[in-house]
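# Descriptive analysis of the structure
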Amino acid sequence: MAAENPLPRAHARSQRRARKRRWPRVVLWTVATLLALLLIAAGVSLFWLRAVALAALPQLDGDVHVAGPGSQGSAAPALSAPVIVRRDAHGVPHIDAATQDDLFLAQGYVTAQDRLWQMDMFRRNAEGALAEVLGGALLVHDETQRVLQIARVAQRVYGHLSAQDRTFFDDYARGVNLYMAQRADALPPEFRLLRYSPKPWTGADSIAVGLMMVQTLDTRAATKLGRGVVEARLGHDPKLIADLYPVGSWRDHPPTGVETDLSAPQPQPPPSNHDENGDEDEDPPSKTQLAPFSGERQSIRTLLALLGLPTCPGCAAGSNEWVIAGSHTASGKPLLANDMHLGFSVPGPWYMADLRAPGFHAAGVTLPGFPYVIAGHNEHVAWGITALMADVQDLYYEQLDGKGNYEGIDGHWHPLAVDHEVIHVRDGNDVVLDVESTAHGPLVNPILAATGRDAARPLALKWNLYDPALNTLPVYAMDTASNWTEFSAALAQWPWPAQSVVYADDQGHIAYHAAGAVPLRPNGMTDAPIGDNTHEWLGYIPFDSMPSAFDPPSGFLATANARVTTDQSPYPLTDEWIDPYRIERIYKSLDGRNGLAPKDMLAVQTDIYSELDRECGERFAYAIDHTPGPEGNGDARMRQAADLMRSWDGRLALDSPAASVETQARAALWRMILAPRLGNALGDYHWGESTFAEEEIVMHLKPEWLPPGYKDWDALLTAAVRAGLEDGHAPANLAVWTYGSWHTLDIEHPLARFFPFLTPMLGTGPQPFSGDSITVKQIGSDVIPSQRFTMDWSNVDASTENIVLGESGNPLSPYFKDQWNDWYSGTTFALPFTPGAVAAQTRHTLRLLP
C-alpha cells in the first residue's frame, strides 16, 4: 500500500490554526464596529437633539405679530396694542402692556416661550394624563389623580370664577395657544423626543396646575393612615403614642409678635393627642377604628411618593418667612424674606416675572401655567408664604350594601356617585376607571390597593377641596392690594392651600395672618381613619379667629411650618406641625437685633447650623467616653468619632467629618429605637415632628424606649455611632469622611429615567450639599429651597429674588442654568422693578404686535 501524503493533513492543521487566530480578530472587529455604530448613532442623536433645541429657542428681540381671536372669541385682534417684553441679565421678562387683558395674554405667551413642556407636564401630572405620553409606568399615578378628582375640581372652580378672573385666565390660555400655534414646527425638544404635540390650553388647565400645589401642601391623609397602623402596633398605649406624635414643642415660636426672652427656659406645651387648647384629650382610638389590611403592605412612604409628597424623614414641603419692622433695620424701612421649600426638578417649579399694566404692577415668582404673581411684591405691599400645615383632610370608613349604595350619617342608604374615567395609555389599551364617591368624598381604596394597602372596608377621603362652595382664587386681589386692609380682605377669601402669610408695606407696616378654609371639628381632631358619625365638620374657622398679628411690639414675625397657635388660640388647626428647629434658629438669629440689612436675610436663609445636631454630637461623645471596652472608648476609631463630635461647631458644612459621624449616628439611632416597638410597621411611621420626638426620647432617657439587649442609654448611643459608621461606609480615618463626600443631590430632568444619555446635558449631576432637613437651609432627598426672596422697602430695585436653575427649560438657552451658581453658593441678585431700573438692566426687547 502506498504511503499517505502528510501534506494535506499539515495544511488542514494550518488552516485550523489560522481560523483560530482569526476568531479573536473577527470578534474584536465586530465589537469595534458595533461600538462605532453606537457612537455614530449617539452622535447623530445628539446632533439632532441640538438642532431641535436650537430651533425651539424663543425669539427675544424684534417684533412678533400675535394673530388670533380677541377676548372671549371676539373678532377683534388678540392684542389691543403692542406689548413690550424686556428681558434682564437673567432672562426675567418684564412685561409692559396697555391693558390687563393684553398683560395676561402676554404672560401666557412669554411663559410658554420658556416653559411650555413643563407646563404640559404640570397639567398632565395634576389631571392624571401622564400615561398618555409616557406609557404604562405612569398608569398608577394617573389612576391616583383621577380618584382624587383634581381635573373635575378644576373644572368646577373654573365654572365658578368671577367674570374678571375667568377673563384673565382665558387671556392667559389664549397667549399660550397663540404661542403653540406660531411655533408648531419648533416645539421644545421634549415634544419631539416623545413624538406628541400639546393640546390647546384652557383656563381649567391653569387651575389644575394650581391645584397641583394644593395637593402638595395640604395632603395629610397618608400620615393618618400610617398613624392608625402604628397606634395599633403600640396597643393604643396613649403614652407611647404621645411620645411618637408630639403636638408642638417647647422650642416653638408662634408669630404673636410678643417680645420674648430667648435665653429663658421654655415650658413644654401640655401633652395632647388631639387638642392644642388644654382641653381633655379624647380617648385613644379604639382597635375597631382601624380595619386590618390584607396582602403585602408596603411602607406608607410608597403612598407618599405616589401622592407626590416628600418621603425623607423630617422633610416637609414648607418654607421659611419672616418680616422685620423698620425699627430694627439699618434703613428704617421694613425687610421681608421668604424661601419656599419644595421638590426639585429641571426646570424648577417657579418662573420669575414682572407684570405691568394700568392698575396692575407686581413682580416675583409665578407658577408656570397659572396667571398672576404668586409671591413677591407690587408698588405698595410685599408678601411671603409658607405652608400652614393645617389639617383639611379626614378619612372615613363607609358602609356599602353591595348594590351601589352607602349608608349616610342619617342612617339611610344613598346611591354612590360614580364618575367614569378613561385613561389613555401610550402603546397600550385605554383603561376605564369608575370613581365612586359618598357624601364625604371619593373612595380611595384603588389608591391603597396600588400600594399594597387594600383596606378591608371602603374608605372615603373628605377634603375641603371637594367643597362646592369653595371656588375663590384671590391671587389677583393680593397682587393689586395697596394696604393691609385690602390685602387681608383678599386673604379672607383664600380657600386652599392653607398658608401662613407675612406682609410688609411701603408705609412701614408689618403683619402676619394664617389663611385657608380650615374645618371646624366640634368633637376634636382625629389622626387616624374615622369609624363613627361623631366627627363630622361644621363649617370652617372664621378668618378673624385664625392666628394673626399686625405691627407687633417685637417688630418681628416669622414662621417655618412649626406651631403657630398658642394656648390662647380659640381653635386647633392641626395635630401635625413640622419640627421646630428652623423657626427656633430664625428667632435666635434675628429677633431683637437692630441695624439689619438685606445681607443678613440671605445669611439666615443659607444658615446651616443645627443646635440639635451639635447637642446630639456631644451626647454621642459622652456615651462613647462612658462605654468601656472595644465597643466604646477602648476602640481607637470610636475615640476619634467622639473627639470629632465633642469639638464640632454644629454646622452641617461640606468639609465637616463630625457632621458625617453625627447625622449617620442619629439616623441609625432612630431606627434602633423604633424597630423593636414597631416591627414591620416601622415604615408606617411618618410625622412632621419626628425629629423632636427622637430628641425628647433620647434626651430624657425614657426607659420604655430603650431596646432590649442594651444595659443603658450610653450603650445604645455608642452602638448607634458604630452602626452609623457602617451604614455610611465610613473610611478607617474618620477625619477624611467629609459631609460633602456623600451628602449629595442630583437635580434631574423628568425624562432622565427614559433617556439616560440626556442626563449630563439636562441636569446638575450629583452635587455635594450642606445643611440637612432641620437647618434653616432645609436640604433633604426630596426637598430644597426653591427660591430666595428679600424685599427691601428702602430700595425696591435692590430687592432680590432668585430661583434654583434659570428661567428657561431649553438646555441651549443662556438662561437654562445661569442662576444655579448664585443659588448653590448662597449669593443672589436684584430683580429690577421701576421703569428706570428695568431699562438699565434690559438685555433683550421683544414687541408683541396686534
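Rules behind the numbers
Residues numbered from 1 in each chain as written. Predicted model: local features only at pLDDT ≥ 70, side-chain atom pairs only at ≥ 80, totals over all residues. Heavy atoms only, no water. Helix = DSSP H or I, 4+ residues; strand = E, 2+ residues; numbered from the N terminus. Contact = heavy atoms within 4.5 Å. Pairing = 2+ DSSP bridges. Axes fitted to C-alpha atoms, helices over the stretch in contact; angles between N-to-C directions. Phe/Tyr/Trp six-rings, centres within 6.5 Å; stacked < 30°, edge-to-face > 60°. Buried < 20%, exposed > 50% of the residue type's maximum accessible area, 1.4 Å probe, protein only. Lys NZ or Arg CZ within 6 Å of the ring centre and 35° of its normal. Parallel < 35°, antiparallel > 145°, perpendicular 65-115°, else oblique. Nonpolar A, V, L, I, M, F, W, Y, C, P; charged D, E, K, R; others polar. Expected span 1.5 Å × (residues − 1). Salt bridge = Lys/Arg side-chain N within 4 Å of Asp/Glu carboxyl O. Core = buried A, V, L, I, M, F, W, Y, C linked by side-chain atoms within 4.5 Å. pLDDT = per-residue confidence, 0-100. 1 Å grid on protein atoms, 1.4 Å probe; cavity = no way out; pocket = protein on both sides within 12 Å on 5 of 7 lines; lining within 4 Å. Points joined across faces, edges and corners; volume = space filled by probe spheres on them.

## Regarding the side chain of Glu694
In this structure, Glu694 sits in helix H20 (residues 690–699). With sequence-adjacent residues up to four places away left out, Glu694 is seen in contact with Arg666, Leu669 and Trp670.

## Here's the deal with the sheet that holds strand E9 (residues 381–387)
Taken in spatial order, the 11 strands line up as E1-E25-E2-E3-E6-E7-E8-E9-E16-E17-E18 in an open sheet, and their pairing is mixed. Each edge of the open sheet carries a strand with a single partner, namely strand E1 (62–65) and strand E18 (548–550). Going across the sheet, the axis of each strand differs from the next one's by a mean of 20°, ignoring polarity. Examined bridge by bridge, strand E7 (residues 360–366) and strand E8 (residues 375–378) share four bridges and lie antiparallel to one another. Each bridged residue has a counterpart across the sheet, and for Ala363 the counterpart in E8 is His377.

## Details of the packing of aromatic side chains
Tallied over the entire structure, the rule returns 27 aromatic pairs. Look at Phe556 and Tyr587: their rings are 4.9 Å apart centre to centre, the planes differ by 85°, and that puts the pair in the edge-to-face class. You can see Phe556 sitting in strand E19 (residues 556–559) and its partner Tyr587 sitting in helix H15 (residues 581–590), a full 31 residues away along the chain. Neither Phe556 nor Tyr587 differs from the other in exposure class; each is buried. Ring pairing ties together the aromatic residues Phe104, Phe168, Phe169, Phe360, Phe370, Tyr372 and Tyr476, which thus form one cluster. The aromatic ring of Tyr158 is capped on one face by Arg166, whose charged end is 5.1 Å from the ring centroid. In this structure, Arg677 is placed above the aromatic ring of Trp705, and the distance from its NZ or CZ to the ring centre is 5.7 Å.

## Structural notes on the packing of helix H18 (residues 636–646) against helix H21 (residues 713–727)
Where H18 contacts H21, the two axes come as close as 11 Å, and the packing angle between them is 100°. Relative to H21, H18 is oriented roughly perpendicular. Across the interface between the two elements, Arg637, Met638, Ala641 and Met645 from H18 touch Thr718, Val721, Arg722 and Leu725 from H21. In terms of residue class, the contact of H18 with H21 is made up of five nonpolar, one polar and two charged.

## A closer look at helix H17 (residues 611–625)
Each turn of an α-helix holds 3.6 residues, which means side chains three or four residues apart point in the same direction. Here H17 spans 21 Å end to end across 15 residues, near enough to the 21 Å set by a 1.5 Å rise per residue. Turning to H17, its buried residues are Leu612, Asp613, Cys616, Gly617, Arg619, Phe620, Ala621, Ala623 and Ile624.

## Here we look at the pattern of salt bridges
Counted by the stated rule, this structure contains 42 salt bridges. Glu695 serves as the salt-bridge partner of Arg251, at 2.6 Å between the closest nitrogen and oxygen. Of this pair, Arg251 sits in the loop between helix H10 (238–244) and helix H11 (300–306) while Glu695 sits in helix H20, and the two are 444 residues apart along the sequence. For Arg251, a relative accessible area of 1% puts it in the buried group. Judged by relative accessible area, Glu695 falls into the buried class, the value being 5%. A salt bridge links Glu611 to Lys588; its shortest N-O distance comes to 3.0 Å.

## Comments concerning the nonpolar core
Residues Ile207, Leu211, Trp350, Leu388, Phe487 and Leu848 are the most contacted members of the largest nonpolar core, which totals 163 residues. In terms of residues, this core owes the most to one element, helix H2 (residues 100–127), which gives 13 residues. Leu388 has contacts with Ala498, Gln499, Ser500, Tyr512, Ala514, Ala515, Met546, Val564, Leu573 and Trp577, leaving out every residue within four places of it along the chain. Val230, Leu244, Tyr685 and Leu725 belong to the second-largest nonpolar core, a separate cluster that totals 52 residues.

## Points about the packing of H2 against helix H4 (residues 139–148)
Between H2 and H4, the shortest axis-to-axis distance is 7 Å and the interhelical angle comes to 65°. Here H2 is positioned roughly perpendicular relative to H4, judged by the angle of their axes. Here H2 contributes Arg124, Asn125, Ala126 and Glu127 to the contact with H4, which in turn contributes His141, Gln145 and Arg146. Tallied by class, the residues present in the contact of H2 with H4 amount to one nonpolar, three polar and three charged.

## Notes on the environment of Val804
Here Val804 is to be found in the loop between strand E24 (800–803) and helix H23 (820–825). Assessed through its relative accessible area of 7%, Val804 is described here as buried. Linking Val804 and Asn821, residues 17 residues apart in sequence, is a C-alpha distance of 8.7 Å. Those residues within four positions of Val804 in sequence are excluded, and the remaining contacts are Ile747, Ile784, Pro785, Ser786, Gln819, Trp820 and Trp823.

## Things to note about the confidence of the model for the protein
Looking at the protein, pLDDT values average 90 and 88% of them are 70 or higher. Every residue in residues 262–297 scores below 50 in pLDDT, and together they form 88 contacts with partners more than four places removed in sequence or on other chains.

## What about the layout of surface pockets?
Here the largest pocket defines a volume of roughly 1400 Å³. Forming the walls of the largest pocket are 42 residues, and the residues nearest its centre are Asn125, Gly308, Phe344, Ser345 and Pro750. If you list the elements that add at least two residues to the lining of the largest pocket, you get H2, H4, helix H8 (203–218) and H11. At six residues, the largest contribution of residues to the lining of the largest pocket is made by H2. Split into classes, the residues belonging to the lining of the largest pocket amount to 25 nonpolar, 13 polar and four charged. If you add up the space inside the second largest pocket, you get close to 800 Å³.

## Focus: empty space enclosed by the protein
Overall, the coordinates contain 10 cavities of 30 Å³ or more when judged by the stated rule. Taken as a whole, the largest cavity holds about 340 Å³ of empty space. Among the secondary structure elements, those contributing two or more residues to the lining of the largest cavity are H8, strand E5 (335–342), E9 and helix H13 (475–480). Among the elements that make up the lining of the largest cavity, the one with the highest residue count is H8 (six residues). Around the second largest cavity, the lining comprises 20 residues; the ones closest to its centre are Thr219, Arg220, Cys315, Met389 and His686. Breaking the lining of the second largest cavity down by element, the ones donating at least two residues are H8 and helix H9 (221–233). By residue number, the principal contributor to the lining of the second largest cavity is H9, which donates three residues. Each residue belonging to the lining of the second largest cavity can be placed in one class, and the counts come to 12 nonpolar, six polar and two charged.

## Details of the pairing of strand E17 (residues 510–515)
Within E17, six of the six residues are buried, leaving the element largely enclosed by the surrounding structure. By the alternation rule, side chains of E17 split into Ile510, Tyr512 and Ala514 and Ala511, His513 and Ala515, which are all buried. Here strand E16 (residues 499–505) runs beside E17; their pairing, made up of six bridges, is antiparallel. When the sheet's bridge partners are listed, Tyr503 is paired in E17 with Ala511. From the end of E16 to the start of E17, which pair antiparallel, there are four residues, and Gly508 there has a positive phi angle of about 95°.

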